[in-house]
Amino acid sequence: MLAHSGLCVRIHIDRDEHNDILAVTDWGQKLSFYQLSGKQIGKDKFLTFDPCCISYFPKGEYIVLAGSDKQASLYTKDGVRLGTIGEQNSWVWTCHVKPDSNFVVLGCQDGTIACYQIVFSTVHSLYKDRYAYRDNMTDVIVQHLITEQKVRIKCRELVKKIAIYRNRLAIQLPVKIVIYELTSNDASDMHYSIKEKICKKFECNLLVVCSQNVILCQEKRLQCLSFTGVKEKEWVMESLIRYIKVIGGPPAREGLLILKIFVDNQFPITLLKLSSSVRCLDMSASNNKLAVVNEHNTLLVYDLNSKELLFQEPNANSVAWNTQCEDMLCFSGNGYLNIKAGNFPVHQRKMQGFMVGYNGSKIFCLHVCSMSAVEVPQSAPMYQYLEKKMFKEAYQIACLGVTESDWRDLAIEALEGLDFDTAKKANVLVFVLIDSQERKKQGEDKNELFLADIMAYQGKSHEAAKLYKHSGHGSKALSMYSDLCMFDYAKDFVGSTDPKNSRILKTKQADWAQSSKEPRAAAEMYLSAGEHLKAIDIIGEHGWEDMLIDIARKLDKAEREPLAKCAFYFTKLKQHGYASETYSKMGDLQALLQLHIETWHWEEAFTFVEKHPQFKNDVYVPYAQWLAENDRFEEAQRAFHKAGRQNEAVKVLEQLTHNAVVENRFSDAGYYYWMLSMQCLDIARGSEEQRNEMLKKFEHFQHLAELYHIYHSIQRFMDEPFSSHMPETLFNICRFLLNNLHKEIPPGISKVNTLYVLAKQSRQLGAYKLARYCCEKLQGLYIPSCYQQSIELCSLAIRSKPFQDNEDLTENMMCYRCSTHNPLLNNQGCVCINCKQPFIYSASSYEVLPLMQFYLEDGISDEEAVSLIDLEVPKMDPRETYMQNVDSDELQVLRRDDGLDDTFEDPFTAKMSFEQGGSAFVPVKVSRSVLRLMSRRDVLIKRWPVPLQWEYFRSLMPNMSITMCPTCFKMFHSEDYELLVLQHNCCPYCRRPIDEN
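Scoring rules and cut-offs
- Residues numbered from 1 in each chain as written.
- Predicted model: local features only at pLDDT ≥ 70, side-chain atom pairs only at ≥ 80, totals over all residues.
- Heavy atoms only, no water.
- Helix = DSSP H or I, 4+ residues; strand = E, 2+ residues; numbered from the N terminus.
- Buried < 20%, exposed > 50% of the residue type's maximum accessible area, 1.4 Å probe, protein only.
- Areas by Shrake-Rupley, 256 points an atom, 1.4 Å probe, with all protein chains shown as cover.
- Pairing = 2+ DSSP bridges.
- Expected span 1.5 Å × (residues − 1).
- Contact = heavy atoms within 4.5 Å.
- pLDDT = per-residue confidence, 0-100.
- Axes fitted to C-alpha atoms, helices over the stretch in contact; angles between N-to-C directions.
- Disulfide = S-S within 2.5 Å.
- Parallel < 35°, antiparallel > 145°, perpendicular 65-115°, else oblique.
- Left-handed = near helix turned anticlockwise from the far one by under 90°.
- Nonpolar A, V, L, I, M, F, W, Y, C, P; charged D, E, K, R; others polar.
- UniProt positions renumbered as here; feature names shortened; annotations may be inferred.
- Salt bridge = Lys/Arg side-chain N within 4 Å of Asp/Glu carboxyl O.
- Core = buried A, V, L, I, M, F, W, Y, C linked by side-chain atoms within 4.5 Å.
- Phe/Tyr/Trp six-rings, centres within 6.5 Å; stacked < 30°, edge-to-face > 60°.
- Lys NZ or Arg CZ within 6 Å of the ring centre and 35° of its normal.

Enquirer: Account for the overall build of the chain, with residues named and values stated.
Expert: Looking only at helices and strands, the chain features 31 helices and 45 strands. The burial tally for the chain puts 44% of its 997 residues in the buried class. As displayed, the chain offers around 54,000 Å² of accessible surface, 49% of which is attributable to carbon and sulfur atoms.

Enquirer: An account of unusual backbone geometry is needed here, citing residue identities and associated values.
Expert: Across the junction of V946 and P947, the peptide omega takes the value 15°, indicating a cis bond. Relative to the helices and strands, P947 is located in the loop between β42 (939–942) and β43 (951–955). Phi is positive for E148, which is not a glycine, with a value near 65°. Position of E148 among the secondary structure elements: in the loop between β14 (139–144) and β15 (150–154). Non-glycine residue N297 carries a positive phi angle of around 60°. The topology assignment puts N297 in the loop between β28 (289–294) and β29 (299–303).

Enquirer: So what's going on with the pairing of strand β30 (residues 308–313)? Residues and values would help.
Expert: Where β29 meets β30, five bridges bridge the pair, whose relative direction is antiparallel. By the bridge assignment, L300 is partnered in β30 with Q312. Hairpin connection between β29 and β30: a loop of four residues separates the two successive antiparallel strands, and K307 in this loop has a positive phi of roughly 60°.

Enquirer: Explain helix α23 (residues 727–739) to me, and be specific about the residues and the numbers.
Expert: Look at α23: 18 Å from first C-alpha to last across 13 residues, which is about the 18 Å you get at 1.5 Å a residue. The element α23 is extensively covered by neighbouring structure, given that twelve of its 13 residues are classed as buried. Within α23, burial applies to P727, T729, L730, F731, N732, I733, C734, R735, F736, L737, L738 and N739. Buried residues in α23 make contact with α22 (691–719), α24 (751–765), α25 (768–779) and α27 (807–811).

Enquirer: Explain the confidence of the model for the chain to me, using residue names and the numbers behind them.
Expert: For the chain, per-residue confidence averages 76 on the pLDDT scale, and 69% of positions sit at 70 or higher. The weakest mean pLDDT in the chain belongs to strand β40 (residues 892–895) at 34; the strongest belongs to strand β10 (residues 103–108) at 94. Across residues 428–445, confidence stays below pLDDT 50; counting only partners more than four residues off in sequence or on other chains, it has 15 contacts. Scored below 50 in pLDDT, residues 876–904 shows 24 contacts in the model against residues more than four places distant or in partner chains.

Enquirer: Please set out the sheet that holds strand β11 (residues 113–117) residue by residue, giving values where relevant.
Expert: Taken in spatial order, the three strands of this open sheet run β9-β10-β11, and their pairing is antiparallel. With one partner strand each, in any of the chains shown, β9 (92–97) and β11 form the two edges of the open sheet. Neighbour-to-neighbour, the strand axes of the sheet open up by a mean angle of 20°, direction not taken into account. Looking at chain direction, β10 and β11 are connected through five bridges and run antiparallel. Each residue of the ladder has a partner; that of F103, found in β11, is Q117.

Enquirer: Lay out the side chain of S845 with the relevant residues and their values.
Expert: Position of S845 relative to the elements: it lies in the loop between α27 and β38 (851–856). Judged by relative accessible area, S845 falls into the buried class, the value being 8%. Ignoring anything within four residues of it in the chain, the contact list for S845 reads T729, N732, H973 and D976.

Enquirer: Quick rundown of the state of the cysteines? Include the residues and the values.
Expert: One pass over the structure, following the stated rule, counts zero disulfides. We note that C217 lacks a disulfide partner, and the nearest cysteine sulfur, in C204, lies 7.9 Å from it. This cysteine, C794, is not joined by any disulfide, and C775 carries the nearest cysteine sulfur, 3.8 Å off. A relative accessible area of 7% means that C794 is categorised as buried.

Enquirer: So what's going on with α25? Residues and values would help.
Expert: Its twelve residues give α25 an end-to-end C-alpha distance of 17 Å, which sits within 8% of 16 Å, the value for a rise of 1.5 Å per residue. Among the residues making up α25, those that are buried are Y768, L770, A771, R772, C774, C775 and L778. Contact partners of the buried residues in α25: α23, α24 and α26 (785–798).

Enquirer: Which residues make up the packing of α23 against α24, and what are the values?
Expert: A pair of packed helices is characterised by two quantities: the angle between their axes and the separation of those axes. Remark: α23 packs on α24, axes separated minimally by 9 Å, with the N-to-C direction vectors making an angle of 140°. For the element pair α23 / α24, the angle class is oblique. The hand of the α23/α24 crossing is left-handed. Residues P727, E728, L730, F731, C734, R735, L737 and L738 of α23 pack against K751, T754, L755, V757, L758, Q761, S762, Q764 and L765 of α24. Here the residues of the contact of α23 with α24 are counted per class, giving ten nonpolar, four polar and three charged.

Enquirer: Can you explain the packing of helix α1 (residues 379–387) against helix α2 (residues 391–400)? Please cite residues and give values.
Expert: Contact geometry for α1 and α2: axes closest at 8 Å, N-to-C directions at 170°. When the axes of α1 and α2 are compared, the pair comes out roughly antiparallel. Taking contact as the criterion, the partners of P381, M382, Y385 and L386 in α1 are, on α2, F391, E393, A394, I397 and A398. In terms of residue class, the contact of α1 with α2 is built from eight nonpolar, no polar and one charged.

Enquirer: Please set out the sheet that holds strand β7 (residues 71–76) residue by residue, giving values where relevant.
Expert: The four strands are arranged β5-β6-β7-β8 in an open sheet whose pairing can be described as antiparallel. Each edge of the sheet is formed by a strand with only one pairing partner; in this case those strands are β5 (51–56) and β8 (81–87). Pairs of neighbouring strands in the sheet enclose a mean axial angle of 25°, with direction left out of account. Taken together, the five bridges between strand β6 (residues 62–67) and β7 define a ladder with antiparallel strand orientation. Directly across from I63, in β7, lies its bridge partner Y75.

Enquirer: Could you give me a rundown of the UniProt feature "domain: IFT122 zinc ribbon" (unreviewed entry) in the chain, with the residues and numbers involved?
Expert: Mapped onto this numbering, the UniProt entry gives "domain: IFT122 zinc ribbon" (unreviewed entry) at residues 814–851. Segment residues 814–851 splits into 0% helix and 3% strand. End C-alpha atoms: 12 Å apart.

Enquirer: Any chance you could break down the pattern of salt bridges for me, citing the residues and the numbers?
Expert: The tally for this structure, following the rule as stated, stands at 20 salt bridges. Note that D139 and R152 form a salt bridge whose closest N and O atoms lie 3.0 Å from each other. Placement of D139 in strand β14 and of R152 in strand β15 is noted, with a sequence separation of 13 residues between them. The class for R152 is partly exposed, based on a relative accessible area of 39%. E720 serves as the salt-bridge partner of R716, at 3.4 Å between the closest nitrogen and oxygen. Assessed through its relative accessible area of 37%, R716 is described here as partly exposed. Ionic contacts of the salt-bridge type, sharing partners, join the residues D135, D139, R152 and K154 into one network.

Enquirer: Lay out the nonpolar core in plain terms, naming residues and giving numbers.
Expert: Grouped together as the largest cluster of nonpolar side chains are 88 residues, with contacts concentrated most on W674, Y708, F731, L737, Y841 and M971. Setting aside chain neighbours within four positions, we find Y708 in contact with V661, F666, S667, A669, G670, Y673, P746, P747 and I749. With 44 residues, the next largest nonpolar core counts Y127, I177, I198 and V209 among its residues.

Enquirer: Lay out the side chain of D668 in plain terms, naming residues and giving numbers.
Expert: Along the chain, D668 turns up in helix α21 (residues 666–686). Contact partners of D668, with chain neighbours within four places excluded, come to A660 and R991.

Enquirer: Describe the packing of aromatic side chains, with residues and values.
Expert: In this description, an aromatic ring pair is defined by two values, namely the gap between the centres and the angle between the planes. For the structure on display, the rule yields 21 aromatic pairs. Summarising the aromatic geometry, the rings of F698 and W944 are spaced 5.6 Å apart at their centres and angled 85° between planes, so their arrangement reads as edge-to-face. A residue pair is termed long-range when its members are at least 10 positions apart, and F698 in helix α22 and W944 in the loop between β42 and β43 qualify at 246 residues. Take F698 and W944: they sit in the same class, and that class is buried. Aromatic rings pair up to connect F666, Y673, F701, Y708 and Y711 into one cluster. A cation over a ring is seen here: K98 above F103, with NZ or CZ 5.7 Å from the ring centre. Of note, K340 hangs over the ring of F311, and the distance from its end group to the ring centre comes to 4.6 Å.

Structure follows, in structure tokens:
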């Protein structure tokens, strides 16, 4: 039971891991905290307003309180006010914190709902190995990064700024600054006590503490205060101050790194002037070098004595010099920690966080709100100095922290470089003693072996050999003689009774011959010793093909490694035949095929695939890539297609199409777009998931292919002085193109060129009204300067002509379905303006063909339709007149049969009828009875592959001969098609060879 004096208006229960707490507010303007047992926690917190609502944060660390003061305030869980979240125009009746977030929602008396996001910024400070940061908004934690000790300082007020320097700690609270100091001079001491308080309210962006002063920064102004609050000095800078760092100095005379300010000097010292603002900077241990990170994330390092830029590095957001080494610095950026020693290249390693300090071998990293000390081995910079024979500098780096093997390498390198002092510091003189101690541990405590080593090091090889043999280590004597190239003594030492050691000796003698620039002798010795791999390496490197093929033929096929080595060198020496022979002997089919591919012997590769079809994809894909690299893109596309690599085939075609458009090869562009459309159709046929998308691309690419195909004629007319096309053909081409350019104009196609050509041809053919229309349209477009004059002259000349078109031209635009005469340019596209029947054009002259597309009624399959059409039952039209020959008087009489029915009508013609005035297109659908009456000679069928449906067309003028390409299904006047095929030996549209099945 909870007993509380006053009227409670809101109660909130916070359930943490340890106990439940009740936060109680009442009309007495008090805030109280109780345990569930009824015991009050702390004292009552008096408010300045009547609280109306209270809400805990999800983890219980903060409280949102609002009421009659028309604002929402943020409190700690202990009731310390931190600040105002938001102000309103009326009382705030309710507030709530979104779970697992920092969003606060307020509900007001006037019906207003407001949502705020609270952002808690990081307040921290670092000096060498001490890091201070704000916790729970009212506490400060000081962490020793080396010993990992932590101490918490409870301020019970909002902590605004923190500064730490040596034994000083400054904390800025809302109305005062508290200065703490360490209780002892121990480097690991973590006990702080209050030294002074400055009871004033300050507004500042940055806070810095020194041994006897506090520095406040507000935008461009710096103020130096004593610990008693007296302003001693003030500096005003030319630009905003973004970074301050204390670089040390005597007490009361410390230096600040901005321009370079000493707290006992009234005048700042300008170190450098930069062209961009500074994000971070640091000075080296001896104050001779300055590292700056500018706003472009570029690290700039200057020599302060000469003002010279020493080097710069990109991708930096923070930088720090090593406090124990003058020439070492590190910087972080893009998720990497970069360590640079002197003028050597940067050594990188991945790191999460923000680098803030560098002391010895430890780098201090801030990740989110956690500071950690990362131990970084200094091996990489040490080896950089060793490569330049800078042994003393390498020794200084090693003292920061390297591994035992690094010390050993330093000692050996220094000894070889005759730097005996550094070698002595690295303990190189105790190596022999360590070696003897290891022998004793292994039980090898014989003095004879130790004396033999000493003799060998002194150059007394024969005495050493006797001691080795006497101690039972004859192999060491053999190794010594071999190392000294005393092979005669080694043979005498071994004798002829030890074949194993004789073989080893031959191998070592071959090694010596190889190092002595006698490769042929070395190869022969290796062969005699049975070291085939080494012999093959020497022979292959020197290109002795005869010796190499002799070895390959003598080797057994089970010795795969030497044979593979032989084949490798044959390939390297471009001896394809020998390499093939070797791989065949091994029976390695995959390697043999790879050989054919790598050496571009494609005929052999295709012959191989015929015998072993399982390797088909392994051949065609590299073959296609080779074709593409050799600018044979069309063949490469077919090879990719044959290998089943549809994506690569499409990419090649897309690149070819783009290049053709850019180079104004529009006929090729049309052809490539047609190939792209057929490629998409193949993909749609094989993949149901991509079917709809591929069919849309098919239709789009088919449309582009036709546009680029016909625009090729217009471009040639503009570029060349003479044209192979008749004026009527160019006239029809331009009209067809403009009728299809209402939505968007493909890249490369010029509407200016099309209108200009149409205007010229219209004027020549007597279509003056259309020519005037084209000239008016051209006035609203950007016209190249080379055509400006001719277009203006054409516009003037056409005004002298009648405002009408040649009737012969308009009659050619008659619809074969409804007999409507269509305009020469149709805003609705290539369809009849009355019945919406699409026009079928000849792919050469682009005249309207007398063809009518019809569709099958439901339930009729393509196979059934073709079989019905193929029946072709002989029939006589009852409406035809019948000629009868009369013998008398040689008179030929033409008369109609009186018994015929005058009401007969062609069934297909009846299907062509439609309702006048309708806006939708009504297709012609035929039944089985109509199909039976059709003549096969009058029907053209586009037999599209699955998933497309077949398309059926009937000729309304059977006397007109029409030819359809069986590949692209484009239709031509037969005479035009035959002429174009004779000229190009292929289809003019899809380029199918005439002799192709």
